[in-house]
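Results of the structural survey
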Amino acid sequence: MSALIRKVWQSVAHRSGSTSKPGPNPVSDYDRFLQMMYIQTSSTGEFDRIPLDIFTQILKMLGPRESARLRAVCKSWKFLVSDNRLWIYFLQHQPEPWDSVFFSETHLRSGYPLQAFPAQMQDLSFMHIYGQRVEVPGAIIIDGGSGYCKYGWSKYSSPSGRSATFLEFGNIESPMPSRLRHFFSTICSRMQVKTSSQPIVVTLPLCHYDDTESAKGSRRQLKDAIYSTLFDMNVPAVCAISQATLALFAARRTSGIVVNVGFHQTSVVPILHGKVMHKVGVEVVGMGALKLTGYLRDKMQQNNIQFDSLYTVRTLKENLCYVALDYEDELSKDMQASFSVSPTSWFTLSKERFQTGEILFQPRMAGLQAMGLHQAVGLCMDHCHDAGLTADDNWYKTVVLAGGTACLPGLAARLEKELYSLLPSSLSNGVRVLPPPNGTDSAWFGAKLVSNLSTFPTSWCMTRKQFRQWSKRKVLW
Ligand SMILES: Nc1ncnc2c1ncn2[C@@H]1O[C@H](COP(=O)(O)OP(=O)(O)OP(=O)(O)O)[C@@H](O)[C@H]1O
């Protein structure tokens, strides 16, 4: 106790020292109001004489568990302990970044479909939210990309493993139950988890984009196959969400355009309130990570740079390549740089460093008849504008980059610059392009936000029983 009092005294002394004028510390109106309420609710005897901020300081030092217990003492302690600012402080001192916690608890807690108007801070009890978040069971997150799968436990700070999907599992976008089962059970055994003990959050790949009945049918079929495979493996609850939507959540947005530079292709996905706007149109460019690696390989061969495997080329791409802000200008510079792929092999690249990423904007350089990335995004913005879905036309002006290739330095700035020169000012005004929020793992981190919500799994997952009922209803109708 004496140590605690000493700590409080030190922090109060520090607080007094930080004010420029001697005398009493400035007290906010809100603090005065709280103090009044505190005294009015009921008396705490001698404790009434403790100024509110010192009381709060004591609670902060006691920590969340002890503070929560103090609610049982009396009405005024309960009133004080429930103060949102105290619990925001505790949440800010958790491993999860506060921005993400705040975004997810205000925008995502109600589940899917999202509420168009996020919850206001004053309507939320952060004490309650803190308590619920502590109780959340956690989930296995599986982001099965067409090139690489990222998986891991939602309570960990990043994915615990990756595997090359295309080499090991083939096309996991196929709704074949045996293929899906093999994929999910291999990942779970690698994580050494029993499928029956926790919910699974799985990402839905970006495929079957069109707004046609047949594309809708294919999307539904894939989603059904994922749910039924996982329920057959005794998973208690499953949540399947689009990769693009999750990448947007990771950027702490619920509306915007996600540009996913994928393994085989690039998708430009308009999303409004968490929902992919198929009716507006998803633009697809037939170029992705694989093409960039292939282009760099060709360039290295042309320039007589010897390498032993495609792995070397990929490593050089990831470590030396970038996107020039002005391609022509960059050509006139000496941009030579070296990287060691292994202790004995050093590689030096020069123009290849920015020529590789340039094919995203000038696909013809790689012999491709396709739109440049900026043209695809511009077209998507045009469609969003024409669709007139909301009174406020700004929702599509935030562009979020996702996918490993989107980690190329300079990509966000170049795309933004190209959009400003391509689009009329009415469309380009206010456009912002954000780099991938969590590097190569945006979708995985978006799923982590959902999995750690105070309302998880109830608000986001389907249970096996709900799935069976839902499937039966579908058959009847
Ligand atoms: N810093 C980097 N710079 C450039 N490329 C990178 C970087 N980091 C990763 N990549 C590339 O990203 C690719 C993998 O991307 P990603 O993990 O997004 O694929 P995916 O999720 O399987 O794709 P899809 O979205 O099609 O399912 C690899 O080819 C890798 O070389």
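Rules of the game
Residues numbered from 1 in each chain as written. Predicted model: local features only at pLDDT ≥ 70, side-chain atom pairs only at ≥ 80, totals over all residues. Heavy atoms only, no water. UniProt positions renumbered as here; feature names shortened; annotations may be inferred. Phe/Tyr/Trp six-rings, centres within 6.5 Å; stacked < 30°, edge-to-face > 60°. Helix = DSSP H or I, 4+ residues; strand = E, 2+ residues; numbered from the N terminus. Buried < 20%, exposed > 50% of the residue type's maximum accessible area, 1.4 Å probe, protein only. Polar contact = N/O pair within 3.5 Å; in protein donor to acceptor, adjacent residues only side chain to side chain. Salt bridge = Lys/Arg side-chain N within 4 Å of Asp/Glu carboxyl O. Near = heavy atom within 4 Å. Areas by Shrake-Rupley, 256 points an atom, 1.4 Å probe, with all protein chains shown as cover. Contact = heavy atoms within 4.5 Å.

Named according to an unreviewed UniProt entry, the protein chain is Actin-related protein 8 originating from Perilla frutescens var. hirtella. For the record of the protein chain, the UniProt heading Sequence similarities (unreviewed entry) holds the text "Belongs to the actin family."

**Brief notes about the packing of aromatic side chains**
This model, assessed by the stated rule, comprises 24 aromatic pairs. Considering the side-chain rings of phenylalanine 169 and phenylalanine 183, the 4.9 Å spacing of their centres and the 80 degrees angle between planes classify their relative orientation as edge-to-face. Highlighted residues: phenylalanine 169 in the loop between α9 (165-168) and α10 (177-191) and phenylalanine 183 in helix α10, separated in sequence by 14 residues. A relative accessible area of 2% means that phenylalanine 183 is categorised as buried.

**Remarks on the side chain of glutamine 198**
Its place among the elements puts glutamine 198 in the loop between α10 and β4 (200-204). A relative accessible area of 7% places glutamine 198 in the buried class. Within polar-contact distance, the side chain of glutamine 198 engages the backbone oxygen of lysine 194 at 2.7 Å. Engagement of the side chain of glutamine 198 in a polar contact is seen with the side chain of serine 197, the distance being 3.0 Å.

**Re the pattern of salt bridges**
Where charged atoms from two side chains of opposite charge come close, those side chains can pair. Inspection of the entire model under this criterion finds 17 salt bridges. Here glutamate 105 ties to arginine 133 by a salt bridge, and the two come within 2.6 Å at their closest N and O atoms. Here arginine 133 lies in helix α8 (residues 126-135) and glutamate 105 lies in helix α7 (residues 98-107), a separation of 28 residues in the sequence. Comparing glutamate 105 with arginine 133 shows no difference in burial state: the two are buried. Arginine 297 is the partner of aspartate 298 in a salt bridge, and the nearest nitrogen-oxygen pair spans 3.3 Å.

**Examining the site of the ligand**
Around the ligand, a shell composed of 18 residues is seen, among which Ser146, Gly147, Tyr148, Lys150 and Glu318 lie nearest. Between the ligand and glycine 147 there is a distance of 2.6 Å, counted from an oxygen atom to a backbone nitrogen or oxygen. Measuring from an oxygen atom of the ligand, one finds a backbone N or O atom of phenylalanine 263 at 2.8 Å. About the coverage of the ligand: the protein hides 88% of its 660 Å² of free accessible area. Counting residues per element, the ones that place at least two in the shell around the ligand are β2 (148-153) and α14 (310-320).

**Quick look at the environment of proline 175**
You can see proline 175 is positioned in the loop between α9 and α10. On a C-alpha basis, the gap between proline 175 and threonine 186 in space is 17 Å, while along the polypeptide they are 11 residues apart. The residues touching proline 175, leaving out its near neighbours within four places in the chain, are Leu180, Gln221, Leu222 and Ala225.

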